[in-house]
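In case you want the letters, here they are:
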Amino acid sequence: MTTSTRGASKVPAVLVLEDGRIFHGRAYGAVGVTFGEAVFSTGMTGYQETLTDPSYHRQVVVMTAPHVGNTGVNDDDPESQRIWVSGYVVRDPARVPSNWRAKRSLDEELRHQGVVGISGIDTRALTRHLRERGAMRVGIFSGNALPDEGTMLAEVRQAPEMKGADLSAEVATKEPYVVPAIGEKKFTVAAVDLGIKGMTPHRMAERGIEVHVLPATASVEDVYAVQPDGVFFSNGPGDPATADHPVSVMQAVLERGTPLFGICFGNQILGRALGFGTYKLKYGHRGINQPVQDRTTGKVEVTAHNHGFAVDAPLDKVSETPYGRAEVSHVCLNDNVVEGLQLLDRPAFSVQYHPEAAAGPHDAAYLFDRFTSLMNTVLMEGQRA
């Protein structure tokens, strides 16, 4: 990838989809070439959290909101240490950011981190195309000496697909670290980092949990070396069908009966650990306005999503698994996709969406309380025994 930091807004850019659809616009962010899977995010706000979410690794994100960049970029909201999207697509970027927390413009941040983007295209038409045809490979090409369209299309079709991609180890921490409890320490949790967002351990720390964040390659012995009261499996990028190691670690946790909670990729890992399959969605769920029903309470929540794969589990019955009975606890009201699982005979549950609520909404924050209650129940039962 080549980049430039001057005059990007006047530089021509082209977006090329693998089915041959082409959009012409202007460079936004770094100038150069990038490839990835084209997906769209329906959030009206929270672009900084989206950009820094490791689950977007190797994806080119199309923003459906037409005007992006109003609030600039600050140093408080990133979900990780860098931008992870491989490309960024907006219709009308803000000319000047206006927010008391802003440190620099979004365009400047994209350039600084070498993220190639495009602006000035009809993102509504692009989103409708992806809804009809499905998420697909894409390339963004910008600069004053662009290749011909045939050459660009050929390069896009040579890029790797998301199906079959094993990416969690590429975004996870290489070394363990600890997020201390805020206030009185009540529990210890081992969190397997498959692409964890920074707000997730913070939400647990707010509830008195000391979180030991472990690499994606952590073994069962590594998990239990921290003497956890509970084990957490995070969100992350890639195809869950490739995640054999996290599945085997989770199965060992289920065997021991340790309280377990999974988010997003962690939900897919639990599905596989229980014997369910996973599959790729046509265009996925991404944004902060997705309706999900908690079937255990009947409550409908507006939730934050970022997933292109889902668990293939029956919605209409309780399933028998090697670890006891399991059921679908949450479901997306747009398309009936499985959004949560829970075991009925062991202390384990998961959700497909993001209750840490960065950048909102906060309807699902109770799930961290549910995890805390689960650990407390198991701890009290152990003391009585």
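Residues numbered from 1 in each chain as written. Predicted model: local features only at pLDDT ≥ 70, side-chain atom pairs only at ≥ 80, totals over all residues. Heavy atoms only, no water.

Under an unreviewed UniProt entry, the protein has the name Carbamoyl phosphate synthase small chain and belongs to Streptomyces luteolifulvus. Under the heading Sequence similarities (unreviewed entry), UniProt records this for the protein: "Belongs to the CarA family." Under the UniProt heading Subunit (unreviewed entry), the entry covering the protein gives this text: "Composed of two chains; the small (or glutamine) chain promotes the hydrolysis of glutamine to ammonia, which is used by the large (or ammonia) chain to synthesize carbamoyl phosphate. Tetramer of heterodimers (alpha,beta)4." (UniProt positions renumbered as here; feature names shortened; annotations may be inferred.)

A.B. asks: What am I meant to see in unusual backbone geometry here?
C.D. replies: Keep in mind that most residues, glycine aside, have a negative phi and that most peptide bonds are trans. A positive phi is found at Arg58, a non-glycine position, where the angle reads about 70 degrees. One can find Arg58 in the loop between α1 (47–51) and β4 (59–63). Since its relative accessible area comes to 23%, Arg58 is described here as partly exposed. Of note, the phi angle at Asn336 is positive, near 65 degrees, even though the residue is not glycine. Structurally, Asn336 is set in the loop between β18 (324–332) and β19 (338–343). (Helix = DSSP H or I, 4+ residues; strand = E, 2+ residues; numbered from the N terminus. Buried < 20%, exposed > 50% of the residue type's maximum accessible area, 1.4 Å probe, protein only.)

A.B. asks: In this structure, what is going on with the pairing of strand β13 (residues 230–233)? I would like to understand it.
C.D. replies: In the case of a regular strand, side chains alternate between the two sheet surfaces. Residues Gly230 and Phe232 of β13 are buried on one face, and the alternating residues Val231 and Phe233, pointing to the opposite face, are buried as well. One ladder, built from four bridges, connects strand β11 (residues 187–192) with β13; its direction is parallel. Paired with Val189 across the bridge in β13 is Gly230. In this fold, β13 hands off to helix α8 (residues 244–256), which returns the chain to strand β14 (residues 260–263); that crossover is right-handed. (Pairing = 2+ DSSP bridges. Right-handed = clockwise from strand over helix to strand, strands pointing away.)

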